[in-house]
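The residues making up each chain are set out below.
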Protein chains: 2
Amino acid sequence: MNMIRVAASSRSTAVAGAIAGIVRERGQVDVQAIGAGAVNQAVKAVAIARGYLELDGIDVVCIPAFSEVLIEGKERTAVRLGVIEIHKLIESKAS
Amino acid sequence: MNMIRVAASSRSTAVAGAIAGIVRERGQVDVQAIGAGAVNQAVKAVAIARGYLELDGIDVVCIPAFSEVLIEGKERTAVRLGVIEIHKLIESKAS
């Protein structure tokens with residue numbers, strides 16, 4: 001499973017580049033963020049990545065969900081943004 | 001155009017209820033947030049709304065984008081989350 005972890009200090013353009021790279025290769029990627037600052041960077045990165053991918057004729061959507069993760073033995077609630085090519089999503093719904 | 005404005009102080013469950021209500025009626029809604037705290041609440045609200053709508057057999061995705069808005073005469077960059085039913089999205093792509 002491909003997952004990109006985003007922090008509040010992550011540069012959104014750098015994360016966007018990583019998202020676009022994995023989507024081009026595999027059609028989807030999960031982006032995980034904990035805390036408001038990190039979630040904000042993650043969402044901005046997805047918006048920027050949509051622009052990068054549009055230039056390649058690739059249209060992606062985002063599916064937000066919660067995810068429980070263990071950080072140093074403590075359970076935290078992360079936000080997970082599933083980023084997936086629309087064509088791939090339609091195929092997965094049809095099957 | 002339907003738009004829900006979210007603040008850092010907005011309750012994500014209340015926003016989720018509003019999102020689900022408009023999607024049930026019209027199939028889509030835009031959610032706008034300015035600043036990390038507001039974006040975080042907006043994304044959490046979309047994740048919660050997905051759960052509400054799933055119970056009705058409605059599957060939505062999210063399309064994040066930037067949007068320039070005027071607040072008290074100053075230009076600010078907002079994050080806009082387009083929330084749309086998958087079926088409606090597929091129809092709009094096909095046409």
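Residues numbered from 1 in each chain as written. Chains lettered and ligands numbered in written order. Predicted model: local features only at pLDDT ≥ 70, side-chain atom pairs only at ≥ 80, totals over all residues. Heavy atoms only, no water.

Novice: An account of the interface of chain B and chain A is requested, with residue identities and associated values reported.
Specialist: Taken together, the contact between chain B and chain A spans 24 residues of the former and 24 residues of the latter. In this assembly, chain B packs against chain A so that about 1,900 Å² is buried in total across both faces, 80% of it on carbon and sulfur atoms. When the buried area of chain B at its contact with chain A is split by residue, Val43(B), Pro64(B) and Phe66(B) rank highest and sum to 26% of it. Linking chain B with chain A are one salt bridge, by the criterion used here. For Asp59(B), the salt bridge goes to Lys93(A), with nearest N and O atoms at 2.4 Å. Applying the counting criterion to the chain B and chain A interface returns two residue pairs in polar contact (both at pLDDT 80 or more). Put simply, the parts of the chain that give the side of chain B that touches chain A at least two residues each are helix H2 (36–54), strand S3 (60–71), strand S4 (74–85) and helix H3 (86–94) of chain B. Its residues assigned to classes, the side of chain B that touches chain A comprises 17 nonpolar, three polar and four charged. (Contact = heavy atoms within 4.5 Å. Buried area = accessible area lost by both parts, 1.4 Å probe. Salt bridge = Lys/Arg side-chain N within 4 Å of Asp/Glu carboxyl O. Polar contact = N/O pair within 3.5 Å; in protein donor to acceptor, adjacent residues only side chain to side chain. Helix = DSSP H or I, 4+ residues; strand = E, 2+ residues; numbered from the N terminus. Nonpolar A, V, L, I, M, F, W, Y, C, P; charged D, E, K, R; others polar.)

Novice: Could you give an account of the relation of the copies chain B and chain A, with specific residues and numbers?
Specialist: Expressed as a screw transformation, the operator carrying chain B onto chain A has a rotation angle of 180 degrees and an axial translation of 0.0 Å, and the superposed copies differ by an RMSD of 0.0 Å. Classification of the inter-copy transformation places it as that of a two-fold axis. Of the C-alpha atoms belonging to chain B, the one lying closest to the rotation axis is found on Cys62(B), 2.5 Å away. Of all interface residues in chain B, 100% are interface residues in chain A too; the two copies therefore contact each other through one and the same surface. (Least-squares fit on C-alpha atoms with pLDDT ≥ 70 in both.)

Novice: Talk me through the packing of helix H1 (residues 12–26) of chain A against helix H2 (residues 36–54) of chain A; I want residue IDs and the actual numbers.
Specialist: Residues and elements named next belong to chain A. At their nearest, the axes of H1 and H2 sit 8 Å apart, and the two run at 55 degrees to each other. Taken together, the axes of H1 and H2 are oblique relative to one another. Once H1 is placed against H2, the crossing between them reads as right-handed. The segment H1 lies against H2, with Ser-12, Thr-13, Val-15, Ala-16, Gly-17, Ile-19, Ala-20, Val-23 and Arg-24 engaging Gln-41, Lys-44, Ala-45, Val-46, Ile-48, Ala-49, Tyr-52 and Leu-53. Looking at the contact of H1 with H2, its residues break down into 11 nonpolar, four polar and two charged. (Axes fitted to C-alpha atoms, helices over the stretch in contact; angles between N-to-C directions. Parallel < 35°, antiparallel > 145°, perpendicular 65-115°, else oblique. Left-handed = near helix turned anticlockwise from the far one by under 90°.)

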